[in-house]
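# Overview (structure and organization)
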Amino acid sequence: MPDGTADPRRRVPRTDTLLADPAFAAAVATLGRDRVKAAITTAQDRARRGEITPEEVRDAAVAALPRRTPRAVLNATGVVLHTNLGRAALSATAVDAVVAAAGHTDVELDLVTGRRARRGRDALAALAAAVPDAGAVHVVNNGAAALVLAATALAADREIVVSRGELVEIGDGFRLPDLLESTGARLREVGTTNRTTLDDYAAAIGPRTGFVLKVHPSNFLVTGFTSAVPVRRLATLGVPVVADIGSGLLAPDPLLPAEPDAAGTLRAGAHLVTASGDKLLGGPQAGLLLGTAELVERLRRHPLARALRVDKLTLAALAGTLHGADTPTRAALHADPAGLRERAERLRDALGVEGRKADVAPCASVVGGGGAPGVELDSWALSLPARYAEPLRAGTPPVLGRVVRGRLLLDLRCVPPAADDLLRAAVLRAPGEG
Ligand SMILES: *Cc1c(COP(=O)(O)O)cnc(C)c1O
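Structure report, in brief. Throughout this document, residue positions are counted from 1 along each chain, in the order its sequence is written. Residue-level local features of this predicted model are given only where pLDDT is at least 70; pairs of side-chain atoms are given and counted only at 80 or more, and the full residue set underlies all totals for whole chains, interfaces and linings. Side-chain metrics rest on all non-hydrogen atoms present in the structure, leaving aside hydrogens and water.

## A few points about the nonpolar core
The test is simple: Buried Ala, Val, Leu, Ile, Met, Phe, Trp, Tyr and Cys residues form a nonpolar core when they are joined through side-chain atoms within 4.5 Å. The classification of residues rests on relative accessible area computed with a 1.4 Å probe and restricted to protein chains. Under 20% of the type maximum is buried, over 50% is exposed, and intermediate values are partly exposed. Pairs of residues are marked as contacts when any of their non-hydrogen atoms sit within 4.5 Å.
Core analysis: the largest hydrophobic core is formed by 37 residues, its most contacted members being Val139, Tyr201, Leu234, Val273, Leu288 and Leu290. Discounting chain neighbours no more than four positions away, the residues touching Leu234 are Leu198, Tyr201, Val212, Lys214, Val229 and Val241. Ranked by size, the runner-up nonpolar core spans 29 residues in total, among them Ala150, Phe211, Leu295 and Leu299.

## Overview of the pairing of strand β14 (residues 371-385)
Rules: We call two strands paired when DSSP finds no fewer than two bridges between them. Runs of H or I in DSSP of at least four residues are treated as helices and runs of E of at least two as strands, each being numbered from the N terminus.
Examined bridge by bridge, strand β13 (residues 359-368) and β14 share nine bridges and lie antiparallel to one another. Residue pairing for β14: Gly368 is matched across the bridge by Gly371. Of the pairings in the sheet, the one linking β14 to strand β17 (residues 407-411) comprises five bridges and is antiparallel in character. Residue pairing across strands places Ala381 opposite Asp411, the latter belonging to β17.

## Topic: the side chain of Thr209
Which entries qualify depends on this criterion: Pairing of N or O atoms within 3.5 Å defines a polar contact, subject to two protein rules: one partner must be a possible hydrogen donor and the other a possible acceptor, and residues neighboring in sequence count only if both atoms are side-chain atoms.
As for its placement among the helices and strands, Thr209 is situated in strand β9 (residues 209-215). There is a polar contact of 2.9 Å between the side chain of Thr209 and the backbone nitrogen of Gly206. Residue contacts for Thr209: discarding those within four places in its chain leaves Arg158, Glu159, Val161, Ala204 and Val239.

## Some points on the pairing of strand β10 (residues 241-246)
On any regular strand, side chains alternate: one points to one face of the sheet, the next to the other face. Put simply, the rule is: Here, the term right-handed applies to a crossover whose path from the first strand over the helix to the second runs clockwise when the strands point away from the viewer.
Buried residues dominate β10, accounting for six of its six residues. Residues Val241, Ala243 and Ile245 point to one face of β10 and Val242, Asp244 and Gly246 to the other, with burial holding for every one of them. Here four bridges tie β9 to β10, and the two strands are oriented parallel to one another. Across the sheet, Lys214 pairs through a bridge with Ala243, a residue of β10. Here four bridges tie β10 to strand β11 (residues 272-276), and the two strands are oriented parallel to one another. Bridging from a neighbouring strand, Asp244 pairs with Thr274 of β11. Running through helix α11 (residues 262-267), the crossover from β10 to the neighbouring parallel element β11 is right-handed.

## Brief notes about the pattern of salt bridges
Applied cut-off: A carboxyl oxygen of Asp or Glu within 4 Å of a side-chain nitrogen of Lys or Arg is what we treat as a salt bridge.
Taken as a whole, this structure holds 30 salt bridges when the rule is applied. Between Arg49 and Glu51 there is a salt bridge, with the nearest N and O atoms lying 2.8 Å from each other. What makes Arg49 exposed here is its relative accessible area of 55%. A salt bridge links Arg164 to Glu189, with the shortest nitrogen-to-oxygen separation between them at 3.2 Å. With a gap of 25 residues between them, Arg164 in the loop between β5 (159-163) and β6 (169-171) and Glu189 in strand β8 (residues 186-190) connect regions that are remote in the sequence. By relative accessible area, which is 40% here, Arg164 ends up partly exposed. Where salt bridges share partners, they join Glu108, Arg116, Arg119 and Arg309 into one cluster.

## Details of the packing of helix α5 (residues 92-101) against helix α14 (residues 312-323)
Applicable threshold: Each axis is a line fitted through C-alpha atoms, taken for helices only over the stretch in contact, and angles between the N-to-C directions span 0 to 180 degrees. Any angle that is under 35 degrees is reported as roughly parallel, and any over 145 degrees as roughly antiparallel; angles of 65 to 115 degrees are reported as roughly perpendicular and all others as oblique. By definition, turning the near helix anticlockwise from the far helix through less than a right angle yields a left-handed crossing, and turning it clockwise yields a right-handed one. Gly counts as polar in this scheme, as do all residues outside two lists: the nonpolar Ala, Val, Leu, Ile, Met, Phe, Trp, Tyr, Cys and Pro, and the charged Asp, Glu, Lys and Arg.
Packing of α5 against α14 brings their axes to within 7 Å, and their N-to-C directions diverge by 150°. On the basis of their axis angle, the class for α5 and α14 is roughly antiparallel. Between α5 and α14 lies a crossing whose hand is right-handed. Between α5 and α14, the contacting residues are Thr93, Ala94, Ala97, Val98 and Ala101 on the first element and Lys312, Leu313, Ala316, Ala317, Gly320 and Thr321 on the second. Each residue belonging to the contact of α5 with α14 can be placed in one class, and the counts come to seven nonpolar, three polar and one charged.

Structure representation (structure tokens):
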């Protein structure tokens, strides 16, 4: 055929034409013209090589655009603090604070006097106000950093006395004993895996003792013939007691009676409490240090403190978490099962109207994130055939549930009620009955 249009390469859409398409015009605004043009050129080249048809160029170019990352995910796993999903979701107040802090901010400036001010003083003041039992507070990068700072400043070249039953692995292969020894401190292990007594500690204490460390076993349970020494009794030993409570609960939560809180641990006599910001406190990744003014000041002035310093976004998120109303973490933990069941039933009915058959099933949520092992919270899920799992995970937004005995359970405990419509739409977009 002499007709030139028979050559498919001549039907490859022109760059100008594609750039005028709303999908690319919007992308230019966020990604910049060069990146968008590069995606278009790549797709055009593939068509010229015959790998795709000219008609597929537009979609291939859209798919080649750099993805917006990170992607916001709907957590229907029933795990409130899911480490792989970033642990705590921030509250609206914390999110607003992060957005405000994204530009230039008064993180280290007093706007009244125009002079330099203590970095992150709002966040620190809010933390101190939330735990009046603390003489002083400090914030570092995460719970592990809080321990490293304490060990370095208080026990380098000295001994940390700790129960064998509390030398735990905190996840991803990281072990507390290795972390502590990396500071130059030596561990003086006392007792056995299941039983440690006050006498065990007392016998190990001497002139080389830096402090006694009490670690909350936050990701496992020891049951049976066990005994551990509470902070209240360790505080009688006459050396500093550092308590790693893990979860970051500032005050007790009746729902989680086995989780120690910062205020109670300080009142029991701990000289220093370390905790994470993104577990039960429901804030950003951070390491909280609360304790006597003397010890906290020593940590704060130690040269290593500068290397563990948190950025302005973390400080903003922490202040927002502490100032704001309920965090999503707390809301999820305290969600009423009857309300979760109603939402699941409404979703099931709405999907039924669209010809999608779903069920409602009772299930159990967990705290996760290395907190409150053994605690199960009654919950309700939308139950779908397991083949929904993959398309929902790959969708936009990605929806993560868990597959139990051939069914995909979408536990509503950690899905904000305002996101139920998103969830319904995501299920409707997944391929229907086969
Ligand atoms: C989670 C946890 C840590 C580590 O805290 P990160 O904030 O993850 O660094 C240390 N100790 C205990 C007891 C924990 O539960």
